[in-house]
Amino acid sequence: LAKGKCVVAEKLKTLLPRPLVDGEEVLYFESISELLDTCRALYRDPNLQEHLSANARAYYEAEIRPRNRILSILEAAFQPLESQTPGVSADQRA
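Residues numbered from 1 in each chain as written. Predicted model: local features only at pLDDT ≥ 70, side-chain atom pairs only at ≥ 80, totals over all residues. Heavy atoms only, no water.

**Here we look at the pattern of salt bridges**
Thought 1: The tally for this structure, following the rule as stated, stands at four salt bridges.
Thought 2: Salt-bridge contacts for Glu 25 lead to Arg 18; the nearest nitrogen and oxygen are separated by 3.0 Å.
Thought 3: Looking at Arg 18, the relative accessible area reads 29%, which means it is partly exposed.
Thought 4: If you follow the salt bridges from partner to partner, you end up with Arg 18, Glu 25 and Glu 63 in one network. (Salt bridge = Lys/Arg side-chain N within 4 Å of Asp/Glu carboxyl O. Buried < 20%, exposed > 50% of the residue type's maximum accessible area, 1.4 Å probe, protein only.)

Here it is as structure tokens:
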């Protein structure tokens, strides 16, 4: 993702800040034959290569890059209490 390369992978079991979208940031496969078909299709389609590459890099920048990830965590941590407790008003918390 960080290098902006096309990613072909089995479904991830790792928790990410936001799930990768199949066909946008990654191409998932479930079998060896599906892996081969996916790689062939990717090899033959420069537009798909560019699309996946750009989106993989954008995902990294927005969701994983350490500096941006830390900023995102800090922003969430300093949100007003109202936005952190869905369905509970400030009067109910007081």
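Having seen the model, we can carry on.
**Regarding the packing of helix H2 (residues 46-64) against helix H3 (residues 66-77)**
Thought 1: At a closest axis distance of 6 Å, the pairing of H2 and H3 adopts a crossing angle of 45°. In terms of their interaxial angle, H2 and H3 are classed as oblique. Two secondary-structure elements touch here, H2 through Tyr 60, Glu 61, Ala 62, Glu 63 and Ile 64 and H3 through Pro 66, Asn 68 and Arg 69.
Thought 2: Grouping the amino acids of the contact of H2 with H3 by side-chain chemistry returns four nonpolar, one polar and three charged. (Axes fitted to C-alpha atoms, helices over the stretch in contact; angles between N-to-C directions. Helix = DSSP H or I, 4+ residues; strand = E, 2+ residues; numbered from the N terminus. Parallel < 35°, antiparallel > 145°, perpendicular 65-115°, else oblique. Contact = heavy atoms within 4.5 Å. Nonpolar A, V, L, I, M, F, W, Y, C, P; charged D, E, K, R; others polar.)

**Comments concerning the confidence of the model for the protein chain**
Thought 1: The share of residues in the protein chain with pLDDT of 70 or more is 85%, and the mean pLDDT across the chain is 83.
Thought 2: For the protein chain, helix H5 (residues 90-93) is the element with the lowest average pLDDT, namely 49, and helix H1 (residues 32-44) is the one with the highest, namely 97. (pLDDT = per-residue confidence, 0-100.)

**Describing a nonpolar patch on the surface**
Thought 1: Where nonpolar side chains cluster on the molecular surface, the patch consists of Ile 70, Leu 71, Leu 74 and Phe 78 and spans about 420 Å² of accessible area.
Thought 2: Inspection of the secondary structure puts Ile 70 in helix H3. (Patch = residues over 30% accessible without salt bridge, like charges linked within 9 Å, V, L, I, M, F, W, Y side chains within 5 Å. Areas by Shrake-Rupley, 256 points an atom, 1.4 Å probe, with all protein chains shown as cover.)

**Side note on the nonpolar core**
Thought 1: Counting residues in hydrophobic clusters, the biggest one holds five residues: Ala 9, Leu 20, Val 26, Tyr 28 and Tyr 59.
Thought 2: Setting aside residues up to four positions removed in sequence, Leu 20 forms contacts with Leu 1, Leu 12, Glu 25, Val 26, Tyr 28 and Tyr 59. (Core = buried A, V, L, I, M, F, W, Y, C linked by side-chain atoms within 4.5 Å.)

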